[in-house]
Every structure is written in structure tokens, then in C-alpha cells.
Amino acid sequence: MINIAILGFGVVGSGVAEVISENSDSLSEKLSGEEICVKYILDKRSFPEHALGNRVTMDFDMILNDPEVIVVVETMGGSHPAYEFSKRALEAGKNVVTSNKEVVANFGTELLSIARENNVNYLFEASVGGGIPIIRPMWQCLAANKIESVTGILNGTTNFILTKMISEGMDFEEALKLAQSLGYAEANPAADIEGIDTCRKICILASLAFGKTVLPENVHCEGISDITLEDMTAAEALGYSIKLLGRAENTDDGIYVITAPFLVGYDNPMAGVNDVYNAITVCGNAVGDIMFYGKGAGKLPTASAVVADIVDIARECKKNIIWSFSKDNPVTDYRSAKTRFFVRTEDPRAKEYFPGCVFCDSENGEYAFITDEDKESRLSERLTGFSVISKIRVL
Ligand code: HSE
């Protein structure tokens, strides 16, 4: 019997219990007859109607002191007390599995190190890309490569909102409410809208890809709140979708990491990734580009990744990931990287200042065009003095 405790019985935690119960036969087969048993559920609420309602406790020490508990599943969300509980569980010699990107992005280096010291696992497949296998494939299957870049649509809520706005004419608030009702959004959806969730996820992927701790506080982060339907329509006319991306690249100057909306050309498969789907393109020096695609949020897709980690532990595979803490911030200034901008302006001088660019005129005296490639800081200087309606980076 593999006894587990689930900390936090919200959308993901209850999804984990559901997957374990629904798929108990096939899971048991994969574990040579062993069964996964939810021995405890830690939550402040009670769930009298639930089949596992009698497993609910508010006492974390009871879980910590029970030697039968092999895996602690942390699906609480937020940094505290999730971080402290994870740390104490690892120190007590228990494996920890989590979907909590906030904790992994900010405390992952320390928790991985504590896991190694205690000869247990700290696994977090569900923290990035919901149900998409990405952490383990990057760590194991792409191990032969030097990773050159990682680019992802990493937030289901914002991708869902952008898709509903452009394809169904839904307004922002209505689309957000729908995403919340489907269990996609964070407890505070500002973390989705402002790009914070995407930023945490690209930090996890960058740390994994480049072997150095990349912290959200060192990464430039923009969300989708300034993107309008007019931006999306004008971009569409030029052959682009607008997507909120996390992007990390290993450059000669250091690790370039950014979270921001980008125009993505229709010739790029990412442009067709819609609704709650996420996609991640990893470029390895041997393999080239690989794309991972699937549902990036939601109860069962996320639970699928959590349960896979539990199965891995039950199979006694030690798969801890290592990245080292560097005292110096390895993240370069995003303004020194080269980019192109999609610009909307009413200023006719743009045509003289950006010769050779293709301009798309609209009836109300507005132009949209895409700049040549240049350092972001230099492009911003070149655009100083223009009345720019909007300016979005092009992938
Ligand atoms: N709020 C997150 C999203 C949940 O929408 O992607 C999954 O991490």
C-alpha cells in the first residue's frame, strides 16, 4: 500500500483523489499490484458528503508523524504555509509532489536540495503546463542536448480569454468569469492576467533548462491587460495571433527571460494554440525544436501530472532535479535583446522613419506596421516622439 496525504482539497487536490479512485485498477497494474491510498486530507474545511470525508484533518503533525505516509501531495496553492509544510515533510523523510508553481519558482532550489539531503524526491510535473509532460521530458529525454531556448504559452486562463475575445467576440470580463467557473484561474486571477503565473512557470523551465536558479523577481513581466480587441484584429490582418508567452534563451551575455504578449505568425504552430491549451517549444542543440501541447489548466489534466509523480515515487525511481544557486543574478537586461515591434500609430512620419516596413492602413487614419529587428532599447528610442497607440513584441 502506498499511503499518501493530500494537503489542500481544492480543484487540484480533489482531482488527485478522483483520478486515483477512477483509475485504481490501471494504477495498481502499473504498480505490480500495489494500491495508492489517500490516508489523510489536510484542509480547514470538512467534506461530509465526500467518500473520503472521514480522512480530513486539520493537524499537519499527524501526517508528519505517521511513518506509513510515503508521499505528501501539496496542492494548497500560495507560498505559505505550502513552503513550510513541504520543507518539514522533506526533512521528515517524506517524498513531496506538488502542483504549486509559486513555491517551486521561489523555493525550488532549496527544497530540491533538502530532498537530496534526505534521500527523498521533490517532484513538480504539474507545476508547469497542467497535464502536459514537460519537466520530466526536459530533464530525462532531452538530457543529451544543450537547451538553447524555451518558449511557451503557459497560462490556460489568459489563452482562453484571448481566444474567446477574438473568436467569439466575448468581452474580457465575461471570458474571465467563464475561465474561473471552469476551474482554470488562480484564486486571485490577477496572477493570470498580469503574467505572474506565466512568469513563475518560465522561471521553473529556465532553471531546469540552464541549470541555474532563475527567480521571478529578476524577470521582466507583462500581462494581457493592455491588449485590446483592436490590437488583435490588426495583428490578425497582418497574419499574426497575439499570445502571452514566457520565453527563455541562453545567450552569450547570460540568460534572457521575459514574460510578455507577443505577436506569433500564423506559420508558427503556437499561433493555433487556443482556449485552455498550452504549448511549449524547446530548442535543443542536437534535437532542434520540439513542441509539447495539451491542456494547461483544469482539475483532471493537472491531477494527471500529480498522480504520475506519485506513481514514479511508488516505482522507487529517484528522479530529483538539480540546479545550483548562483549568488549573481544570471538574468540579462531584456532591453538589450533584439526584437521586432508591431506598432499602431496615427503619426504619418512613421513611414519615413521606418522605410522598408510593410504598413497596413486602416480607414480612420491609423497605421500598423512591424519594425525591423533591433535592440529593444534602440527601438524604443527610435519610437520616442511618435504617438504610439500600441506596441507589442513580435516573436
Ligand atoms: N491559473 C493557471 C492557468 C492554472 O490558467 O494556467 C494552471 O497552472
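These figures come from a predicted structure and were not determined experimentally.

Brief notes about the overall build of the chain
Right, so step 1: Helices and strands together make up the secondary structure of the chain, namely 14 helices and 17 strands.
Right, so step 2: Relative to the compact-globule value of 21 Å for 395 residues, the chain shows a C-alpha radius of gyration of 23 Å, a close match.
Right, so step 3: Along the longest, intermediate and shortest principal axes, the C-alpha atoms of the chain span 75 × 45 × 35 Å.
Right, so step 4: Counting across all 395 residues of the chain, residues that qualify as buried make up 56%.
Right, so step 5: Taking as baseline every contact in the chain between residues at least 6 positions apart, the subset at least 24 positions apart corresponds to 71%.
Right, so step 6: By element, 48% of the accessible surface of the chain is carried by carbon and sulfur atoms, the whole surface being about 17100 Å².
Right, so step 7: When the 36 positive and 56 negative side-chain charges of the chain are each reduced to one mean point, those points stand 4 Å apart.

Concerning the layout of surface pockets
Right, so step 1: Space inside the largest pocket adds up to approximately 750 Å³.
Right, so step 2: If you trace the largest pocket, you find 34 residues lining it, with Val12, Lys101, Ala185, Glu186 and Ala187 closest to the centre.
Right, so step 3: Of the residues contributing to the lining of the largest pocket, the split by class is 10 nonpolar, 16 polar and eight charged.
Right, so step 4: Here the lining of the largest pocket gathers at least three residues from each of two domains, domain 1 (2–130 + 300–314) and domain 2 (135–295).

Considering the domain arrangement of the chain
Right, so step 1: Domain annotation of the chain identifies domain 1 (2–130 + 300–314), domain 2 (135–295) and domain 3 (336–394).
Right, so step 2: A straight line from the C-alpha centre of domain 2 to that of domain 3 covers 23 Å.
Right, so step 3: Taken together, the contacts link 17 residues of domain 2 with 11 residues of domain 3.
Right, so step 4: Taking both partners together, domain 2 and domain 3 bury about 1100 Å²; carbon and sulfur atoms supply 70% of that area.
Right, so step 5: When the buried area of domain 2 at its contact with domain 3 is split by residue, Asp231, Leu238 and Leu263 rank highest and sum to 42% of it.

A look at the packing of aromatic side chains
Right, so step 1: Tallying each qualifying case throughout the model produces 11 aromatic pairs.
Right, so step 2: Taking 5.1 Å as the distance between ring centres and 75° as the angle between the ring planes, the aromatic pair formed by Phe9 and Phe47 counts as edge-to-face. Of this pair, Phe9 sits in the loop between strand 1 (2–7) and helix 1 (11–22) while Phe47 is found in the loop between strand 2 (36–42) and strand 3 (56–57), placing the two residues 38 residues apart along the sequence. We note that Phe9, like Phe47, is buried.
Right, so step 3: Clustering of aromatic rings is evident, with ring pairs tying together Tyr353, Phe354, Phe359, Tyr367, Phe369 and Phe386.
Right, so step 4: Note that Arg349 overlies the ring of Phe386, its terminal NZ or CZ placed 5.0 Å from the centroid.
Right, so step 5: Here the basic side chain of Lys391 rests over the ring of Phe341, its NZ or CZ set 4.9 Å away from the ring centre.

Quick notes on the rules
Residues numbered from 1 in each chain as written. Predicted model: local features only at pLDDT ≥ 70, side-chain atom pairs only at ≥ 80, totals over all residues. Heavy atoms only, no water. Helix = DSSP H or I, 4+ residues; strand = E, 2+ residues; numbered from the N terminus. Rg over C-alpha atoms; globule rule 2.2 N^0.38 Å. Buried < 20%, exposed > 50% of the residue type's maximum accessible area, 1.4 Å probe, protein only. Contact = heavy atoms within 4.5 Å. Areas by Shrake-Rupley, 256 points an atom, 1.4 Å probe, with all protein chains shown as cover. Lys, Arg positive; Asp, Glu negative; His and termini not counted. Charge placed at Lys NZ, Arg CZ, Asp CG, Glu CD. 1 Å grid on protein atoms, 1.4 Å probe; cavity = no way out; pocket = protein on both sides within 12 Å on 5 of 7 lines; lining within 4 Å. Points joined across faces, edges and corners; volume = space filled by probe spheres on them. Nonpolar A, V, L, I, M, F, W, Y, C, P; charged D, E, K, R; others polar. Domains from an automatic or database assignment. Buried area = accessible area lost by both parts, 1.4 Å probe. Phe/Tyr/Trp six-rings, centres within 6.5 Å; stacked < 30°, edge-to-face > 60°. Lys NZ or Arg CZ within 6 Å of the ring centre and 35° of its normal.

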